[in-house]
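This is what each chain is made of:
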Amino acid sequence: MYRTHTCGELRLQHVGTEVTLAGWVQKVRKLGGMTFIDIRDRYGITQLVVDDSASADIQDITSNLGREFVINATGKVIERTSKNSKIDTGDVEIAISALSVLNKSDLPPFTIEDDTDGGDEIRMKYRYLDLRRNAVRSNMVLRHQIAFETRRYLDQMNFLEVETPILIGSTPEGARDFVVPSRMNPGQFYALPQSPQLFKQLLMVSGFDRYFQIAKCFRDEDLRADRQPEFTQIDCEMSFVEQEDVLQLFEGMMKHLFMYVKNVDFSEPFPRMTWHDAMKFYGSDKPDIRFEMRFVELKNCRNNSILDNRLIEDELDYEAILNSNDYKEVFEVYLNIFGVFNSAEYVGGICAEGCAAYTRKQIDELTEFVKRPQIGAKGLVYIRCEANGTYKSSVDKFYSQDILKAIASKFNAKEGDLILILAGDTVKTQKALCELRLEMGTRLGLRDKNVFKPLWVIDFPLFEWDEDTQRFYAMHHPFTSPKPEDIEYLDSDPGRVRANAYDMVVNGVELGGGSIRIHDSQLQNKMFELLGFTPEMAESQFGFLMNAFKYGAPPHGGLAFGLDRLVSLFAGLDSIRDCIAFPKNNSGRDVMTDAPSTISEEQLKELCLKLTN
Ligand code: ASP
């Protein structure tokens, strides 16, 4: 027997027992006549002791041990005189009576400890060693638990797990496909699935009723912290459901996962927010609602929400307006005095509680922050609400104290608060303000990773207008159904048509999303037409689906969760990389196996491929 116990198992109650352990040498320490060996496996670390009385054989093996040697040790469990409360087995140690080396190890390129000296690149190259570290392994354990509990919940709810193919035609999730040349069909290519979307809809036509799959998906996109070229979805579809049924069932799944994996109990229903409100108040379709700091719009010409852009006219009675407490009026009249606000499509801001004491330097930092190219704001206007009821602002010279007070009251700002305002074109400025809000949230410690605030974002627009190509794209995908009450605008005003589409967002992370699908071929054809597909294109790409829909497609809908994001959220990680056993780096490379790589002339020939430069 290689082992009787694991390295994480022994406690005081085992004292006196003879045990055998197997594992890796984490560390060897000599202290006088004693040698201590830390032996590690997946379950923990146990201390072995070799003293002067040990056989020459053991002494000899001990003195030749190196880090990461695989060993096998037998001995009696004894109580430690000086206990180590940092490890679970810290009350005991093993006085060894037999020791053997099962395998030697080269000196590892970095220390395999919680705090390693290895940089990112080297740990990725030796990922199999990195995975020996607690911090990385525990993410994989968490991943297993989430996948397991997902299966348990969905099984209880009558879902069937069905595998769908990896070598397929293209799926329309809006990213670039990874393609695979077909040797048997020269000149033709498979695409790897961006998601199992079409197959799961076909399974509904097959009468499977409730489907799920923990599925690999592939999208050739530029990479970010929360993106990998291949990633895993918890992909689900249901028949005979409306949006409400889907939201209820999967809210249940999230609660189940929070309960059984994180021990977090949500008794209240998850809040729901329309896409429109999410954009208006948070400038994002995935708002982080761990903290308020909602946007206050001073002006938004795009939505005609506040201003009619009246310019200051001499005959207006400012006194009366200020005294009337009608602050809306005040903005309409006064806001435009400042040229930047006057020419902007949108003026909006946030109120950071208790930040009036921010120094010039801190405000400059925030200005630099919003001016970074990826954020792209031109500058930042601040109003400090001072303790004595006065206001200090970067635009003092344009605005009297009364006007600043009026603006502050619009923000419900109290003495001691700091108002930060951005102006510019609506979409860009809302985005920049969203980043600024998150930055302030972080600075104020309002984004605690141990606090979870889920919500549903609903009523997404069906289409998204693209300026570059001057056409509409499906915001979700072409199979998403419009809200029945908006169908009448499909031709006249596609931009205002809302979809039966929803996203689950937790702490500002889009964890999943889906929609109720179109199950009527006529409406589906209409969608293809609106999205610029000729009937021939639609037929060649989706003919099989349209054909299937002729044979009794039930009303259906579903969604998919990003498993990697879910694990990284539960683990409190910033990147999804550390919860994937063998991830790719930022250039999409697997540095361990050195993929992608070139292939031989012979292989190219077989595939009828020729490389250009
Ligand atoms: N296939 C969709 C996606 O990957 C999810 C869904 O609509 O069910 O985002």
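To start, this report covers the structure provided alongside it. Here the residue numbers are simple positions, counted from 1 along each chain's written sequence. Predicted model: local features are reported for residues with pLDDT of at least 70 only, side-chain atom pairs are reported and counted for 80 or more only, and whole-chain, interface and lining totals are derived from all residues. The basis for every side-chain value is the complete set of heavy atoms in the structure, and neither hydrogens nor water enter the calculation.

### Looking at the overall build of the protein
Alright, step 1. Helical segments are the DSSP runs of H or I of at least four residues, strand segments are the runs of E of at least two, and each set is numbered from the N terminus. Helix and strand counts for the protein come out as 17 helices and 22 strands.
Alright, step 2. Referenced to the eigenvectors of the C-alpha coordinate spread, the extents of the protein come out at roughly 105 × 70 × 55 Å.
Alright, step 3. Burial status follows relative accessibility: with a 1.4 Å probe on protein chains alone, a residue under 20% of its type maximum counts as buried, one over 50% as exposed, and anything between as partly exposed. Taking all 613 residues of the protein together, the buried fraction comes to 48%.
Alright, step 4. Considering only contacts in the protein between residues 6 or more positions apart, those separated by 24 or more positions represent 67%.
Alright, step 5. To be clear on the numbers: accessible area is Shrake-Rupley with a 1.4 Å probe, and residue cover counts the displayed protein chains and nothing else. With an accessible surface of roughly 30,600 Å², the protein has 49% of that area assigned to carbon and sulfur atoms. Whether two residues are in contact is decided by their heavy atoms, any of which lying within 4.5 Å being enough.

### What to know about the nonpolar core
Alright, step 1. Ile146, Leu154, Phe250, Met254, Trp456, Phe561 and Phe570 are the most contacted members of the largest nonpolar core, which totals 41 residues.
Alright, step 2. Element by element, the count of residues in this core is highest for helix α6 (residues 243-262), at nine residues. By nonpolar core we mean a set of buried residues, namely Ala, Val, Leu, Ile, Met, Phe, Trp, Tyr and Cys, connected to one another through side-chain atoms within 4.5 Å.

### Description of the pattern of salt bridges
Alright, step 1. What counts as a salt bridge is simple: a side-chain nitrogen of Lys or Arg found within 4 Å of a carboxyl oxygen of Asp or Glu. According to the stated counting rule, one finds 38 salt bridges in the structure shown.
Alright, step 2. With a shortest N-O distance of 2.7 Å, Glu237 and Arg517 are connected by a salt bridge. Here Glu237 is found in strand β10 (residues 230-239), whereas its partner Arg517 is found in the loop between β21 (509-516) and α14 (521-530), with 280 residues between them in sequence.
Alright, step 3. Judged by its relative accessible area of 0%, Glu237 is buried.
Alright, step 4. On the basis of relative accessible area, Arg517 is assigned to the buried category, the value being 2%.
Alright, step 5. Where Glu365 meets Lys361, a salt bridge forms, and the shortest distance between an N and an O atom there is 3.8 Å. Linking Glu365 with Lys361, this pair stays in helix α11 (residues 360-371), spanning four residues, or about one helical turn.
Alright, step 6. When salt bridges with common partners are traced through the structure, they connect Asp120, Arg123, Arg127, Asp130, Arg133 and Asp578 into a single cluster.

### A closer look at helix α5 (residues 197-205)
Given 3.6 residues per helical turn, the α-helix brings residues three or four places apart onto the same face.
Alright, step 1. A large share of α5 lies buried, amounting to seven of its nine residues.
Alright, step 2. The set of residues buried in α5 consists of Gln197, Leu198, Lys200, Gln201, Leu203, Met204 and Val205.
Alright, step 3. Looking one or two places after α5, you find Gly207, whose phi comes out positive at around 85°.

### Considering the pairing of strand β18 (residues 463-466)
Alright, step 1. In short, DSSP must find at least two bridges between two strands for them to pair. Of the strand pairs in this sheet, β18 and strand β19 (residues 471-474) are connected by four bridges, and their pairing is antiparallel. Residue pairing in the sheet places Asp466 in a bridge with Arg471 of β19.
Alright, step 2. In this structure, the hairpin formed by β18 and β19 is closed by a connection of four residues, where Gln470 is found at a positive phi of approximately 55°.

### Some words on the environment of Asn525
Alright, step 1. As for its position among the elements, Asn525 is in helix α14.
Alright, step 2. Along the chain, Asn525 and Asn84 lie 441 residues apart, while their C-alpha atoms are 69 Å from each other.

### Topic: the site of the ligand
Alright, step 1. Here a residue counts as near a molecule or strand whenever at least one of its heavy atoms sits within 4 Å of it. The local shell around the ligand holds 14 residues, among which Glu173, Gln197, Lys200, His476 and Arg517 are the closest.
Alright, step 2. Polar contacts here mean pairs of N or O atoms no more than 3.5 Å apart (in protein, one a potential hydrogen donor and the other a potential acceptor; neighbouring residues in sequence count only if both atoms are side-chain atoms). A distance of 2.9 Å separates an oxygen atom of the ligand from a polar side-chain atom of Gln233.
Alright, step 3. Here Leu559 contributes a backbone N or O atom positioned 3.5 Å from an oxygen atom of the ligand.
Alright, step 4. Protein contacts shield 92% of the accessible area of the ligand, which totals 270 Å² for the unbound molecule.
Alright, step 5. Breaking the shell around the ligand down by element, the ones donating at least two residues are α5, β21 and β22 (556-562).
Alright, step 6. Here the shell around the ligand takes three residues from β22, the largest share from any one element.

### Re the packing of α5 against helix α15 (residues 535-548)
Alright, step 1. Axis geometry follows a simple rule: fit a line to the C-alpha atoms, using only the stretch in contact for helices, then measure angles between N-to-C directions, giving values from 0 to 180 degrees. In contact at an axis separation of 10 Å, α5 and α15 are set at 20° when each is read in the N-to-C sense. Taken together, the axes of α5 and α15 lie roughly parallel to each other. α5 and α15 meet at a crossing whose hand is left-handed. Contacts between α5 and α15 involve Leu198, Gln201, Leu202 and Val205 from the former and Phe542, Phe544, Leu545 and Ala548 from the latter. Oblique is the label for every angle not falling under 35 degrees (roughly parallel), over 145 degrees (roughly antiparallel), or within 65 to 115 degrees (roughly perpendicular). Whether a crossing is left-handed or right-handed is set by the direction in which the near helix is turned from the far one by less than a right angle, anticlockwise for left-handed and clockwise for right-handed.

### What to know about the sheet that holds strand β9 (residues 210-218)
Alright, step 1. Strand order in this open sheet of eight strands is β6-β9-β10-β22-β21-β20-β17-β11, and the pairing throughout is mixed. Edge positions in the sheet fall to β6 (160-161) and β11 (272-274), since each has one partner strand and no second.
Alright, step 2. Pairing analysis gives five bridges linking β21 to β22, with the strands arranged antiparallel. Residue pairing in the sheet places Gly513 in a bridge with Ala560 of β22.

### Concerning the packing of α14 against α15
Alright, step 1. Interhelical geometry of α14 versus α15 gives an angle of 160° and a closest axis separation of 12 Å. On the basis of their axis angle, the class for α14 and α15 is roughly antiparallel. Taken as a pair, α14 and α15 cross one another with a handedness that is right-handed. Only Ala538, Phe542 and Met546 of α15 make contact with α14, whose side of the interface consists of Ser521, Gln524, Asn525 and Phe528.
Alright, step 2. Classes in brief: Ala, Val, Leu, Ile, Met, Phe, Trp, Tyr, Cys and Pro nonpolar; Asp, Glu, Lys and Arg charged; the others, Gly included, polar. Here the residues of the contact of α14 with α15 sort into four nonpolar, three polar and no charged.

### Some thoughts on the pairing of strand β17 (residues 454-458)
Alright, step 1. With five of five residues buried, β17 is to be regarded as a mostly interior element.
Alright, step 2. By the bridge criterion, three bridges tie β11 to β17 in an arrangement that is parallel. If you follow Thr274 over to β17, its bridge partner there is Ile458.
Alright, step 3. Where β17 lies against strand β20 (residues 501-506), five bridges are found, and the strand directions are antiparallel. Bridged to Ile458 within β20 is Tyr502.

### Some points on the packing of aromatic side chains
Alright, step 1. Only the six-membered ring of Trp is used, alongside the rings of Phe and Tyr, when aromatic pairs are assigned; centres must lie within 6.5 Å, and planes under 30 degrees apart are stacked while those over 60 apart are edge-to-face, with the rest tilted. Scanning all chains against the criterion turns up 17 aromatic pairs.
Alright, step 2. Here the aromatic rings of Phe258 and Phe570 are separated by 4.8 Å at their centres, their planes lie at 45°, and the arrangement is tilted. Placement of the pair is Phe258 in helix α6 and Phe570 in helix α16 (residues 563-571), with a sequence separation of 312 residues.
Alright, step 3. Judged by its relative accessible area of 0%, Phe258 falls in the buried class.
Alright, step 4. Consider the rings of Phe528 and Phe533, whose centres lie 5.4 Å apart with planes at 70°: the pair is edge-to-face.
Alright, step 5. Clustering of aromatic rings is evident, with ring pairs tying together Phe258, Phe266, Phe270, Phe452 and Phe570.
Alright, step 6. When the NZ atom of lysine or the CZ atom of arginine is within 6 Å of a ring's centre and also within 35 degrees of its normal, the charge is said to sit over that ring. Over the face of the ring belonging to Tyr260 we find Arg152, whose NZ or CZ atom lies 4.8 Å from the ring centre.
Alright, step 7. The side chain of Arg471 reaches across the aromatic face of Tyr473, ending 3.9 Å from its centre.

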